[in-house]
Amino acid sequence: MSTAIIVTDVIPHTLDSRKPETHISNPIIQIKRLTRIIATPTHRVDILRGIDLEIPRGQFVAIMGPSGSGKSTLLGLLAGLDNATDGQILLDDVDITRLSEDAMAEVRGRKIGFVFQSFQLIPTLTAEENVLLPAELAGAGPEVTGRARELLTRVGLADRLDHYPVQLSGGEQQRVALARAFITRPPILFADEPTGNLDGKTGQQVLELLLELNRLEGATLVLVTHDPALAAHADRVITLRDGLVVTDQMNTDQMNGPR
Ligand SMILES: Nc1ncnc2c1ncn2[C@@H]1O[C@H](COP(=O)(O)OP(=O)(O)O)[C@@H](O)[C@H]1O
Ligand SMILES: [Mg+2]
């Protein structure tokens, strides 16, 4: 993995999982006329109605908007967990709307971390095993165990490695989920209301950990939140309403200072 290989466009980029990043200056996420419509014989819901966005590498973007405006649908599409009706999503110049399930799973394993509102830990695996799972699926060897323990230590769970999710509080489960999201060193992290199921104080601690880990790991962070105070920490705040982007603002006071 450490050997730099110069890859040019003559090499097909579908199969070689070790392809280095070739377009460093391009936005890491490009969204073009993205629509998601759910239609049944009697009913049609236009969930996303044509979203255009570009997100540069390393940016911290907060997504806001009322319940039902399409925030979770957007994140699910960006992470390849759902299929677009029309439009394009490019992650590092790869159009993920055209990928097979297997190819998408590979992109997810290499590029994406996800923190869900409802934790989504696997109940039959311990904290450590939950954290290790994405790395194992991506083909990592036993050397990744050290990193899993390091991440669990960083989120304050060094003494909970062998606990199962049911033996952990909500805040602890979400801290395991944070460690899991970062295990593969993903360049992109999506978080969908990661504190929505936690009480205020616990939620605050989880958020601080998330932002701290992200500062250390340097991922591009796209975070759905209802909390204006949190959005104030972001580089950029995008508001959705009825499946469209209605505002898209840079937090200029964040651009020069630490966040
Ligand atoms: N599978 C689905 N079938 C029908 N409607 C859906 C489905 N998923 C989401 N919706 C609808 O799409 C809209 C946007 O949902 P969602 O993306 O979850 O919004 P948000 O996360 O902003 O609250 C809502 O009106 C929701 O009811
Ligand atoms: Mg939602």
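Refer to the structure presented above.
Residues numbered from 1 in each chain as written. Chains lettered and ligands numbered in written order. Predicted model: local features only at pLDDT ≥ 70, side-chain atom pairs only at ≥ 80, totals over all residues.

**Student:** How do you make sense of unusual backbone geometry when you look at a structure like this?
**Tutor:** Glycine aside, a negative phi is what most residues show, and trans is what most peptide bonds show. Positive phi values are uncommon outside glycine, yet D93 reaches one of about 70 degrees. Here D93 shows up in the loop between strand 4 (86-91) and strand 5 (94-95). Despite not being glycine, D242 shows a phi value in the positive range, around 50 degrees. Tracing the chain through its elements places D242 in the loop between strand 9 (236-241) and strand 10 (244-250). Residue classification places D242 among the partly exposed positions, given that 14 C-beta atoms sit within 10 Å. (Helix = DSSP H or I, 4+ residues; strand = E, 2+ residues; numbered from the N terminus. Buried ≥ 20, exposed ≤ 12 C-beta atoms within 10 Å, placed from the backbone.)

**Student:** Help me understand the sheet that holds strand 6 (residues 112-115) in this model?
**Tutor:** Strand pairs in the sheet, formed through backbone hydrogen bonds, run parallel or antiparallel to each other. Taken together, the six strands give an open sheet; going across it, the order is 6-7-8-3-9-10, and neighbouring strands pair in mixed fashion. In this open sheet, the two edge strands, each paired with only one partner strand, are strand 6 and strand 10. The average undirected angle you get between the axes of adjacent strands in this sheet is 15 degrees. Bridge count between strand 3 (residues 60-64) and strand 8 (residues 220-224): four bridges; the pairing is parallel. For A62, the partnering residue across the bridge sits in strand 8 and is L223. Sitting on the sheet, helix 5 (residues 170-182) is in contact with strand 6 and strand 7 (188-192), with an inclination near 170 degrees to strand 6. (Pairing = 2+ DSSP bridges. Axes fitted to C-alpha atoms, helices over the stretch in contact; angles between N-to-C directions. Contact = placed C-beta atoms within 7 Å.)

**Student:** Teacher, can you tell me more about the site of ligand 1 here?
**Tutor:** In the vicinity of ligand 1, the residues found are I38, V45, I47, G65, S67, G68, S69, G70, K71, S72 and T73. Put simply, the parts of the chain that give the shell around ligand 1 at least two residues each are strand 2 (43-55) and helix 1 (71-78). Examining the composition of the shell around ligand 1, we find that three residues originate from one element, helix 1, more than from any other. (Near = placed C-beta within 6 Å.)

**Student:** Can you walk me through the pairing of strand 8 in this structure?
**Tutor:** Put simply, side chains in a regular strand alternate between the two faces of the sheet. Across the five residues of strand 8, five count as buried, placing the element largely inside the fold. Of the two faces of strand 8, the one holding T220, V222 and V224 and the one holding L221 and L223 are both buried throughout. Here five bridges tie strand 7 to strand 8, and the two strands are oriented parallel to one another. Note that in strand 8 the partner of L189 across the bridge is L221. Chirality of the crossover, the property in question, places the unit of strand 7, helix 6 (residues 200-217) and strand 8 among those that are right-handed. (Right-handed = clockwise from strand over helix to strand, strands pointing away.)

**Student:** Help me understand the sheet that holds strand 4, please; the structure alone is not making it clear to me.
**Tutor:** In spatial order, the strands read 2-1-4-5; together these four strands make up an open sheet with antiparallel pairing. Strands with a single pairing partner mark the edges of an open sheet, and in this sheet they are strand 2 and strand 5. Here strand 1 (residues 29-40) pairs with strand 2 via ten bridges, running antiparallel. Bridged to R36 within strand 2 is L48.

**Student:** Help me out: how do you make sense of helix 4 (residues 144-154) in this one?
**Tutor:** Because each turn of an α-helix spans 3.6 residues, side chains separated by three or four positions in sequence point in the same direction. Looking only at helix 4, the buried set comprises A148, L151 and L152. Each buried residue of helix 4 sits inside an arc of 100 degrees when the element is viewed along its axis, so together they form one side. Helix 4 presents G146 and E150 as exposed residues on the side facing more than 90 degrees away from its buried surface. Where helix 4 is buried, its residues contact helix 3 (127-137) and helix 5. (Arc of directions from axis to C-beta.)

**Student:** So what exactly am I meant to see when it comes to the nonpolar core here?
**Tutor:** Within soluble globular proteins, side chains that are nonpolar tend to cluster in buried spots. A179 and F190 are the most contacted members of the largest nonpolar core, which has 64 residues in total. The element that contributes the greatest number of residues to this core is helix 5, accounting for six residues. For A179, the contacting residues outside a window of four places in its chain are V131, A148, L151, L152 and V155. (Core = buried A, V, L, I, M, F, W, Y, C linked by C-beta atoms within 7 Å.)

**Student:** I would appreciate a short explanation of the packing of helix 3 against helix 5 in the present structure.
**Tutor:** When two helices pack together, their arrangement is given by the angle between their axes and by how far apart the axes lie. Axis separation between helix 3 and helix 5 bottoms out at 7 Å; the angle between their running directions is 30 degrees. Of the possible angle classes, the one that applies to helix 3 and helix 5 is roughly parallel. Relative to helix 5, the crossing made by helix 3 is right-handed. Together, A127, N130, V131 and P134 of helix 3 and V176, A179 and R180 of helix 5 make up the contact between the two elements. (Parallel < 35°, antiparallel > 145°, perpendicular 65-115°, else oblique. Left-handed = near helix turned anticlockwise from the far one by under 90°.)

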